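# Reading the structure
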Amino acid sequence: MRLLAKAGAGLLSARARAVIPCLWRGKYFSSGKEPVENQPVTPILRHLMYKIKSTGPITVAEYMKEVLTNPAMGYYVYRDMLGEKGDFITSPEISQIFGELLGIWFISEWMATGKTAAFQLVELGPGRGTLAGDILRVFSQLGSVLKNCDISIHLVEVSQKLSEIQALTLTEEKVPLERSAGSPVYMKGVSKSGIPISWYRDLQDVPKGYSFYLAHEFFDVLPVHKFQKTPQGWREVFIDIDPQVSDKLRFVLAPCATPAEAFIQHDEKRDHVEVCPDAGVIIQELSQRIALTGGAALIADYGHDGTKTDTFRGFCGHKLHDVLIAPGTADLTADVDFSYLRRMAQEKVASLGPIKQQTFLKNMGIDVRLKVLLDKSDEPSLRQQLIQGYDMLMNPKKMGERFNFFALLPHQRLHGGSHQSNSRQSKKPSPTPVAGFSELVWQ
């Protein structure tokens, strides 16, 4: 599991800040104390050093993008980083209950908004496909509720390795996959319950229509720009080659303002901020789609509501890892700023949250679901696994308070509406509460 590291970067002294370029120091950043022999020169490090020598220091956002998604060497492109043997474990890998409750959430919203004849489930960054698999199992178990609904699954995945794993997890082996490398839909298959599944590299390629969007631990790996407040104003943090140590990178401050500074709020009170333009673009796209065709987006991730500062960190083998050491061998992540996501929705849709995972899952009935599974299980090892999984998801010191849930919904879903009939105003029934953000109520 990517254990949340408390923001621990020390502040630059006024004298250090005035020196351009200057070394950015922090508890989880490169301190310059690591022995050079313990810092392997990875292919992506060689690529980045060549790039920096050719064009100058790069932003943290460009560094993250290259390290994680470089088509030839990126961390996410050709490896399976999930599970006990990987660098982190996600909630769906811990307990089936997590995905089942999310499946219930989508059905609850579908019912609350009138039971449309069809809907798309779109997952951004589906991991190994475990979460989608648990949701599909719920759809199958509640087939009598969904029997007249045409459902399709749409997965947005840039990793070739993970898309293959997802296909193994989700699709019926007897139905061969359709592959089309050059097409926006680069792979098609059919789930074990007969639901069509399509794979895309970009959300823009997913067909528009009434859809439920899911992003679990997706936004935290999108590239962030980092800024430090100095006596001269905001200065962006860049990554440069350390002139004193060969094959080593360091943080420096830009000597003047940079374009990404436009994303910082004018009344920003913090002295260090991280902004993610890519997240803003995706939220705007989701908001436009939901406002136009209906549905909802459910986002679950590490994050804060505009309060944290320095959260950029790396994970390798389930341990914190220096973000500048051996790039390409560790996951890089930064906490999601939910206040920024809310602003980027630009009031096109309504938002709920963020609320703690513990609260969301409790509202969704996790205690009842756990009891049902325990009552059905006679195997001690399975019962222990269920209890341990529950503890990992709900314990405030584990995932319970470290993950947050956030939702985007059409305004009318929360506020209802009214219409004119024979010159008399007829109010629509009050909308039902949104499950998870309040207690689940079946209609």
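Anyway, here's the lowdown on the structure attached to this text. Residue numbers run consecutively from 1 along every chain, following the written order of its sequence. Since the coordinates come from a predicted model, pLDDT governs what is reported: local features require at least 70, and pairs of side-chain atoms require 80 or more to be given and counted, while whole-chain, interface and lining totals use all residues. As a rule here, side-chain values come from all non-hydrogen atoms in the structure, and water together with hydrogens is ignored.

Right, let's get into the sheet that holds strand β14 (residues 319–321). Paired strands, as defined in this entry, are two strands with at least two bridges between them according to DSSP. Under the DSSP-based scheme used, a helix requires at least four consecutive residues in state H or I and a strand at least two consecutive residues in state E, with every element numbered from the N terminus. Taken in spatial order, the three strands of this open sheet run β14-β13-β15, and their pairing is antiparallel. With partners counted over all chains shown, the strands left at the sheet margins are β14 and β15 (331–333), one partner each. Within this sheet the neighbouring strands show an average axis-to-axis angle of 40°, counted without direction. Only C-alpha atoms enter the line fits that serve as axes; for helices the fit covers just the stretch in contact. Angles between N-to-C directions range over 0 to 180 degrees.

Relative accessible area decides the class of each residue, using a 1.4 Å probe on protein chains only: under 20% of the type maximum gives buried, over 50% gives exposed, and in between gives partly exposed. With six of its seven residues buried, strand β2 (residues 118–124) lies for the most part within the structure. Strand direction decides the pairing type here: β2 and strand β3 (residues 150–156), joined by seven bridges, are parallel. Along β3, the bridge assignment pairs Phe119 with Ile151.

What follows covers the pattern of salt bridges. What counts as a salt bridge is simple: a side-chain nitrogen of Lys or Arg found within 4 Å of a carboxyl oxygen of Asp or Glu. This model, assessed by the stated rule, comprises 18 salt bridges. Linking Arg270 and Glu268 is a salt bridge whose minimum nitrogen-to-oxygen distance equals 2.8 Å. For Glu285, the salt bridge goes to Arg289, with nearest N and O atoms at 2.6 Å. You can see Glu285 and its partner Arg289 sitting in helix α9 (residues 277–293), four residues apart, about one turn around the helix. Judged by its relative accessible area of 2%, Arg289 falls in the buried class. Each of Glu100, Asp134, Arg137 and Arg369 takes part in salt bridges that share partners, so that together they form one network.

Between its first and last C-alpha, helix α5 (residues 96–112) extends 25 Å over 17 residues, near the 24 Å set by a 1.5 Å rise per residue. Polar contacts, as used here, are pairs of N or O atoms within 3.5 Å; protein pairs need one atom able to donate a hydrogen and one able to accept it. Residues neighboring in sequence count only if both atoms are side-chain atoms. The N-capping residue of α5, defined by a side-chain oxygen 3.2 Å from the backbone nitrogen of Ile97, is Ser95. How far a helix is expected to stretch is found by multiplying one less than its residue total by 1.5 Å.

The end-to-end C-alpha distance of α9, which contains 17 residues, comes to 24 Å, matching closely the 24 Å that a straight helix rising 1.5 Å per residue would cover. Three or more residues of α9 are buried, namely Pro277, Ala279, Gly280, Ile282, Ile283, Glu285, Leu286, Ser287, Arg289 and Ile290. Just beyond α9, the residue with positive phi is Gly294, at close to 85°.

Axis angle and axis distance: for two packed helices, these are the angle between their axes and the distance between the axes, and together they describe the pair. As a packed pair, α5 and helix α6 (residues 130–141) sit with axes 8 Å apart at the nearest point and diverge in direction by 55°. Put simply, α5 runs oblique to α6. Considering only the axes of α5 and α6, their crossing is right-handed. On the side of α5, the interface is formed by Gln96, Phe98, Gly99, Glu100, Leu102, Gly103, Ile104, Phe106 and Ile107, while α6 contributes Leu131, Asp134, Ile135, Arg137, Val138 and Phe139. Under the convention adopted here, Pro, Cys and the residues Ala, Val, Leu, Ile, Met, Phe, Trp and Tyr are nonpolar, Asp, Glu, Lys and Arg are charged, and Gly plus all remaining residues are polar. Taken together, the residues of the contact of α5 with α6 break down into nine nonpolar, three polar and three charged. Any angle from 65 to 115 degrees is called roughly perpendicular, while one under 35 is roughly parallel, one over 145 is roughly antiparallel, and all others are oblique. The handedness criterion is simple: a crossing whose near helix is rotated anticlockwise from the far helix by less than a right angle is left-handed, and one whose near helix is rotated clockwise is right-handed. A contact between two residues is defined here by any heavy atoms of the two lying within 4.5 Å.

Now for the side chain of Thr311. Note on placement: Thr311 falls in the loop between β12 (295–304) and β13 (313–316). Looking at Thr311, its side chain comes within polar contact range of the main-chain nitrogen of Asp335, at 2.9 Å. Excluding anything up to four places from it in sequence, Thr311 contacts Lys226, Glu274, Thr333, Ala334 and Asp335.

Right, let's get into the packing of aromatic side chains. When two rings of Phe, Tyr or Trp (its six-membered ring) have centres within 6.5 Å they constitute a pair, described as stacked for plane angles under 30 degrees, edge-to-face for angles over 60, and tilted for the intermediate range. Summed over all chains, the structure comprises 13 aromatic pairs. When the ring of Tyr210 is compared with that of Phe212, the centres are 5.4 Å apart and the planes differ by 85°; the resulting orientation is edge-to-face. For the residue pair Tyr210 and Phe212, the accessibility class agrees, reading buried in each case. Note on Phe360 and Phe437: the rings are 5.5 Å apart at their centroids and 75° apart in plane angle, and the pair reads as edge-to-face. Of the two residues, Phe360 is situated in helix α11 (residues 357–363) and Phe437 in the segment after β20 (424–427); the sequence distance between them amounts to 77 residues. Each member of the pair, Phe360 as well as Phe437, carries the same accessibility label: buried.

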